[in-house]
Amino acid sequence: MNRLNVMRPWLGEEEVAAVSEVIRSGWVAQGPRVAEFERAFADKQMIAHAVATSNCTTALHLALLVAGVGPGDDVVVPSFSFIATANAPTYVGARPVFADVDCDTGNLTPDTVNAAVTDATKAVIAVDQGGVPVDLASIREFCEPRGIVVIEDAACGIGSTFQGKPVGAGADLAAWSFHPRKILTTGEGGMLTTPHREWAERARRLREHAMSVSAAARHAQVLAPAEEYLEVGYNFRLTDLQAAVGLVQLGRLDEILTRRRELAKTYGAATSLISGLRPVQDPVWGTANFQSYWIEVLPEYPISRDGLLGLLAEADISGRRGIMAAHRQPAFSERDWGTASLDNTERLTDNTLILPLFHEMTDAELDRVVSVLRTGGCRHG
Ligand SMILES: *Cc1c(COP(=O)(O)O)cnc(C)c1O
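- Looking at an unreviewed UniProt entry, the protein carries the name dTDP-4-amino-4,6-dideoxygalactose transaminase, with the source organism given as Ornithinicoccus hortensis.
- What UniProt records for the protein under Sequence similarities (unreviewed entry) is the sentence "Belongs to the DegT/DnrJ/EryC1 family."

1. Some details on the UniProt feature "modified residue: N6-(pyridoxal phosphate)lysine" (unreviewed entry) in the protein
For step 1, the next point in the chain: This chain's UniProt record puts "modified residue: N6-(pyridoxal phosphate)lysine" (unreviewed entry) on Lys 182.
For step 2, the next point in the chain: Its location among the elements puts Lys 182 in the loop between β8 (173–177) and β9 (190–194).
For step 3, the next point in the chain: Not counting chain neighbours up to four residues away, the residues in contact with Lys 182 comprise Met 7, Ala 155, Cys 156, Ser 177 and Gln 291.

2. Section: the sheet that holds strand β4 (residues 121–127)
For step 1, the next point in the chain: Pairing within the open sheet is mixed, and its 7 strands lie in the order β1-β9-β8-β5-β4-β2-β3. Looking along the sheet, the strands with just one partner apiece sit at the ends: β1 (49–53) and β3 (95–99). Averaged over neighbouring strand pairs, the angle between their axes works out to 25 degrees when direction is ignored.
For step 2, the next point in the chain: Note: β8 against β9, 4 bridges, orientation antiparallel. Along β9, the bridge assignment pairs Ser 177 with Gly 190.
For step 3, the next point in the chain: Of the strands in this sheet, β1, β2 (74–78), β4, β5 (149–153), β8 and β9 touch helix α3 (residues 56–66), which is tilted by about 165 degrees from β8.
For step 4, the next point in the chain: Strand contacts of helix α4 (residues 84–91): β2, β3, β4 and β5, with the helix running at about 170 degrees to β2, the strand carrying the most contacts.

3. Details of the packing of aromatic side chains
For step 1, the next point in the chain: What the rule picks out here adds up to 9 aromatic pairs.
For step 2, the next point in the chain: Between Phe 98 and Trp 337 the ring centres are 5.7 Å apart and the planes differ by 55 degrees, which places this aromatic pair in the tilted class. Of this pair, Phe 98 sits in strand β3 while Trp 337 is found in the loop between α11 (330–333) and α12 (343–351), placing the two residues 239 residues apart along the sequence.
For step 3, the next point in the chain: Residue classification places Trp 337 among the buried residues on the basis of a relative accessible area of 17%.
For step 4, the next point in the chain: Members of the aromatic cluster, each reached through a chain of ring pairs, are Phe 37, Phe 41, Trp 176 and Phe 178.
For step 5, the next point in the chain: One Lys or Arg, Arg 252, reaches over the ring of Trp 10 and ends 4.4 Å from the middle of that ring.

4. Topic: the UniProt feature "active site" (unreviewed entry) in the protein
For step 1, the next point in the chain: Residues annotated in UniProt with the feature "active site" (unreviewed entry) correspond here to Lys 182.
For step 2, the next point in the chain: Classification of Lys 182 as buried rests on a relative accessible area of 13%.

5. Re the environment of Thr 85
For step 1, the next point in the chain: Residue placement: Thr 85 occurs in helix α4.
For step 2, the next point in the chain: A relative accessible area of 2% means that Thr 85 is categorised as buried.
For step 3, the next point in the chain: Setting aside chain neighbours within four positions, we find Thr 85 in contact with Leu 60, Val 77, Pro 78, Ile 125, Val 127 and Asp 153.

6. Concerning the nonpolar core
For step 1, the next point in the chain: Core analysis: the biggest nonpolar cluster contains 82 residues, and Ile 139, Trp 176, Tyr 267, Tyr 293, Leu 308 and Leu 355 have the highest contact counts within it.
For step 2, the next point in the chain: Shared between two domains, this core holds at least three residues of each, these being domain 1 (13–251) and domain 2 (253–377).
For step 3, the next point in the chain: Counting residues in hydrophobic clusters, the runner-up holds 36 residues, among them Cys 56, Ala 59, Val 75 and Ile 151.

7. Topic: the sheet that holds strand β6 (residues 161–162)
For step 1, the next point in the chain: Strand order in the open sheet formed by 3 strands is β7-β6-β11, with antiparallel pairing between adjacent strands. Either end of the sheet is taken by a strand with one partner, and the two such strands are β7 (165–166) and β11 (286–287).
For step 2, the next point in the chain: Pairing analysis gives 2 bridges linking β6 to β11, with the strands arranged antiparallel. Following the sheet pairing, Thr 161 is matched in β11 by Thr 287.

8. Side note on the pairing of β9
For step 1, the next point in the chain: By the criterion of burial, β9 is predominantly enclosed, with 5 of the 5 residues buried.
For step 2, the next point in the chain: In β9, alternate side chains face the same way, and those of Gly 190, Leu 192 and Thr 194 on one face and Met 191 and Thr 193 on the other are all buried.
For step 3, the next point in the chain: Bridge count for β1 against β9 is 5 bridges, and the pairing is antiparallel. Bridged to Val 51 within β9 is Leu 192.

9. Regarding the site of the ligand
For step 1, the next point in the chain: Taken together, 14 residues lie around the ligand, and Cys 56, Thr 57, Asp 153, Ser 177 and Lys 182 are the ones closest in.
For step 2, the next point in the chain: Contact between the ligand and Asn 55: an oxygen atom at 3.5 Å from a side-chain N or O atom of the residue.
For step 3, the next point in the chain: Within the side chain of Asp 153, a nitrogen or oxygen atom sits 2.8 Å from a nitrogen atom of the ligand.
For step 4, the next point in the chain: Of all the secondary-structure elements, those providing two or more residues to the shell around the ligand are α3 and α4.

Basis of the calculations
Each chain carries its own residue numbering, running from 1 in the written order of its sequence. For a predicted model such as this one, the threshold for reporting local features is a pLDDT of at least 70, and the threshold for listing and counting side-chain atom pairs is 80 or more; totals across whole chains, interfaces and linings nevertheless cover every residue. Computation of side-chain values: all heavy atoms of the structure, hydrogens and water removed. UniProt positions are given in the numbering used here, feature names are shortened, and annotations may be inferred rather than shown by experiment. Helix numbers and strand numbers start at the N terminus; a helix is a DSSP run of H or I with at least 4 residues, a strand a run of E with at least 2. By definition in these notes, contact holds between two residues if any of their heavy atoms fall within 4.5 Å. For two strands to pair, DSSP has to find at least two bridges joining them. Structural elements are reduced to axes, namely lines fitted to C-alpha atoms, with helices fitted over the stretch in contact, and the angle between N-to-C directions of any two is expressed from 0 to 180 degrees. Centres within 6.5 Å make a pair out of two Phe, Tyr or Trp rings, where for Trp the six-membered ring is used; the pair is then stacked when the planes are under 30 degrees apart, edge-to-face when over 60, and tilted otherwise. For every residue, the accessible area (1.4 Å probe, protein chains only) is compared with the maximum for its type, and the residue is labelled buried under 20%, exposed over 50%, or partly exposed between those bounds. Only when the NZ of Lys or the CZ of Arg is both within 6 Å of the ring centre and within 35 degrees of the ring normal is a charge said to sit over the ring. The nonpolar core is taken to be a set of buried Ala, Val, Leu, Ile, Met, Phe, Trp, Tyr and Cys residues, with the residues joined through side-chain atoms within 4.5 Å. Where a domain begins and ends is set by an automatic assignment or by a domain database. Definition of nearness: a residue and a molecule or strand are near each other if at least one heavy atom of the residue lies within 4 Å of the molecule or strand. Under this definition, polar contacts are N or O atom pairs within 3.5 Å; protein pairs additionally need one hydrogen-donor-capable and one acceptor-capable atom, and for neighbouring residues in sequence, both atoms have to be side-chain atoms.

What follows is the structure, given as structure tokens:
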């Protein structure tokens with residue numbers, strides 16, 4: 001039997017050919033392929049502007065900068081997220097304040113945000129955790145009268161929908177990831193999207209040392225125009241090598257989604273017959289891409305979450321503990337991160353696990369996982 005990993009990116013000869021073409025062109029850094037990838041991504045996600053970045057963490061950093069967040073400001077974030085969500089506000093000198101999540105979606109709600117906001121709150125980062133769309137409209141409705149900017153951390157959200165549109169389409173700022181653990185990959189890579197032209201232009205400059213003329217534009221001319229550095233910027237660039245892969249991957253998105261949702265449906269039907277397991281589901285306002293297919297191990301299940309992970313490992317199946325809780329990590333546990341209760345976060349982080357789900361997973365492989373879940377459900381004591 002082969003090892004079943006939690007995720008395996010779907011890459012093929014088309015990506016190999018696309019990278020080869022870029023290498024043969026002689027221009028491998030940020031250039032025409034990045035611009036093409038940005039345009040294609042913006043169109044697909046139904047958002048006016050897309051700015052490619054080196055990863056989602058740097059996209060979140062830029063989002064906070066263009067939103068004007070800085071020292072002395074608070075940024076409400078879920079503790080129940082990959083650590084980058086909480087790290088981003090610290091890069092601009094702001095304080096991450098942790099809010100709890102809803103147990104069904106694993107996401108922020110207006111109530112949990114309300115329990116965490118302070119007089120200094122300047123922004124909220126709402127995550128589409130594991131690809132489950134967050135109810136962004138309700139959170140914006142709560143935040144906007146208070147002058148709070150809502151940034152969507154859509155790292156896991158490509159292909160998920162909210163009220164019939166791609167997630168991110170209704171956000172002032174959204175950040176995306178192309179890490180291999182996500183739905184589409186460029187090795188490392190990210191994107192910042194926004195409907196606001198000035199924010200996109202500033203982000204585009206900031207990701208390239210805040211140069212007034214891009215390196216690609218300077219290279220296009222024999223006598224390169226003199227550039228100016230308008231503020232202190234960063235090197236958060238994606239390369240044309242990565243963008244070429246991204247363009248092929250974007251073309252695979254619809255097929256990936258269809259298969260992922262099919263596999264998730266089979267998981268859902270099977271786990272609903274096992275007492276004590278609660279699978280993640282689509283919320284009423286949208287559809288998930290099931291980037292992380294998680295189940296909660298309830299008290300009535302005969303063995304614990306960690307016991308079940310062990311049982312899966314014995315069958316050479318690599319599950320994962322559910323999403324982490326940032327407030328428990330040494331990087332944040334000693335900091336002042338606010339006073340909101342994080343009971344649901346702790347319940348989910350302690351009792352959920354992520355099952356293998358990837359495009360090329362076969363029905364037989366899925367059955368292998370389900371049979372372990374059944375065996376665990378028949379244990380006594
Ligand atoms: C993966 C992830 C990130 C970080 O993405 P990178 O591209 O690796 O920087 C940020 N937020 C969430 C919710 C993630 O899952």
